[in-house]
Amino acid sequence: PPSCWVVEQLFEEGTSNVISAPPNQWKTWILLHIAIEVAKGGLVFEHFKTKQQGVLIVNEEDTATNMQKRMKMLLGGSTELPIYFHLLQGFKMNDAVATNILNEMKKHNASFLIMDPFSMIHNYKENDATQMNMLFDHFKMFKREGITILMAHHNRKSQNGVSNDPAQEMRGS
């Protein structure tokens, strides 16, 4: 069947996706921009069309005050959008947490899940393929419901600020 895009040519419905860069490279700002555009059915980066839908953001790095300031800056006003937050709540992916988040998303009619940062939403070993498979088994619960997942990933630091192969900088299995 043809692809059904949440963000055209970037994020397909019901898939797991990653934005990866070193720390402090504006990943959270990009995720918030994408969340806003998806929630209102706008254009990501004034170019990529979106399919309007509710968004749930799980952020284990930023305070509510910080996120509120960022959202106000990006929105430029008090526009009501279907964006819901879990901030600094000790979120660690397991079956019970995945079920609770899925139920909340259904309650809010949200089908776009953003998790920031990837390393803080689980207790699995990122360099162990078996453990990463167990984590991604939880994600399948969302994908079976047509929920699109977007994660921020802090990649490994290159040596002396130079990388021979940026594609190999993503940490883990």
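One structure accompanies this document, and this report is about it.

What counts as what
Throughout, a residue's number is its position along its own chain's written sequence, starting from 1. Selection of residues for local features in this predicted model requires a pLDDT of at least 70, selection of side-chain atom pairs for listing and counting requires 80 or more, and totals for whole chains, interfaces and linings are taken over all residues. To get the side-chain values, take all heavy atoms of the structure and skip hydrogens and water. Helix and strand definitions follow DSSP, with helices as H or I runs of at least four residues and strands as E runs of at least two, each counted in order from the N terminus. Exposure categories follow from relative accessible area, calculated using a 1.4 Å probe and restricted to protein chains: below 20% of the type maximum is buried, above 50% is exposed, and the middle band is partly exposed. Contact definition: two residues touch when any of their heavy atoms are within 4.5 Å. Note that accessible areas follow from Shrake-Rupley with a 1.4 Å probe, and for residues the cover is restricted to the protein chains shown. Whether two aromatic rings pair depends on their centres lying within 6.5 Å, for rings of Phe, Tyr and Trp, where Trp uses its six-membered ring; planes under 30 degrees apart make the pair stacked, over 60 edge-to-face, and the rest tilted. By definition here, a salt bridge exists when the distance from a side-chain nitrogen of Lys or Arg to a carboxyl oxygen of Asp or Glu is within 4 Å. Given the number of residues in a helix, its expected span is that number minus one, multiplied by 1.5 Å. By definition, two strands form a pair when at least two bridges between them are found by DSSP. A fitted line through C-alpha atoms represents every axis, and for helices the fit uses only the stretch in contact; the resulting angles, taken between N-to-C directions, go from 0 to 180 degrees.

**Details of the overall build of the chain**
1) Next: Tallying secondary structure elements over the chain gives four helices and nine strands in all.
2) Next: Seen in sequence order, the chain has helices and strands lined up from the N terminus as β-β-β-α-β-β-β-α-β-α-β-α-β.
3) Next: Out of the 173 residues in the chain, the part that is buried amounts to 41%.
4) Next: For the chain, the share of sequence-separated contacts (at least 6 apart) that also reach a separation of at least 24 residues comes to 69%.
5) Next: Total accessible area on the chain stands at roughly 9700 Å², and carbon and sulfur atoms take up 49% of it.

**Section: the packing of aromatic side chains**
1) Next: Going through the model one piece at a time under the given rule, you end up with three aromatic pairs.
2) Next: Measuring from centroid to centroid gives 5.9 Å for Trp 26 and Trp 29, while their planes differ by 50°, and the two rings are tilted.
3) Next: Taking the relative accessible area as the measure of exposure, Trp 26 reaches 57% and is therefore exposed.
4) Next: Residue classification places Trp 29 among the partly exposed residues on the basis of a relative accessible area of 22%.
5) Next: Through a chain of ring-to-ring contacts, three or more aromatic side chains come together here, namely Phe 118, Phe 136 and Phe 139.

**Observations concerning the pattern of salt bridges**
1) Next: Within the structure shown, the criterion is met by five salt bridges.
2) Next: The partner of Lys 40 in a salt bridge is Glu 37, with the nearest N and O atoms 3.4 Å apart. Taken together, the positions of Lys 40 and Glu 37, both in helix H1 (residues 27-40) and three residues apart, correspond to about one turn of that helix.
3) Next: Lys 40 sits in the partly exposed class, given a relative accessible area of 47%.
4) Next: Note that Lys 140 and Asp 137 form a salt bridge whose closest N and O atoms lie 3.2 Å from each other. In this pair, Lys 140 and Asp 137 are both assigned in helix H4 (residues 129-144), three residues apart and thus about one turn of the helix distant.
5) Next: Note on Lys 140: relative accessible area 41%, which makes it partly exposed.
6) Next: A relative accessible area of 41% places Asp 137 in the partly exposed class.

**Looking at H1**
1) Next: Relative to the 20 Å expected for 14 residues at 1.5 Å per residue, H1 spans 20 Å between its end C-alpha atoms, a close match to the ideal helical length.
2) Next: For H1, the set of buried residues is Lys 27, Thr 28, Leu 31, Leu 32, His 33, Ile 34, Ala 35, Ile 36, Glu 37, Val 38 and Ala 39.

**Remarks on the sheet that holds strand E6 (residues 54-59)**
1) Next: Pairing is parallel in the open sheet, where five strands are placed in the order E3-E9-E8-E6-E7. Both edges of this open sheet fall to strand E3 (16-21) and strand E7 (83-87), since each of them pairs with a single strand only. Within this sheet the neighbouring strands show an average axis-to-axis angle of 15°, counted without direction.
2) Next: Relative to strand E9 (residues 148-154), E3 is paired through six bridges, and the arrangement is parallel. Bridging across to E9, Val 18 finds its partner in Met 151.

The quantities given are spatial measurements derived from coordinates; they are silent on function.
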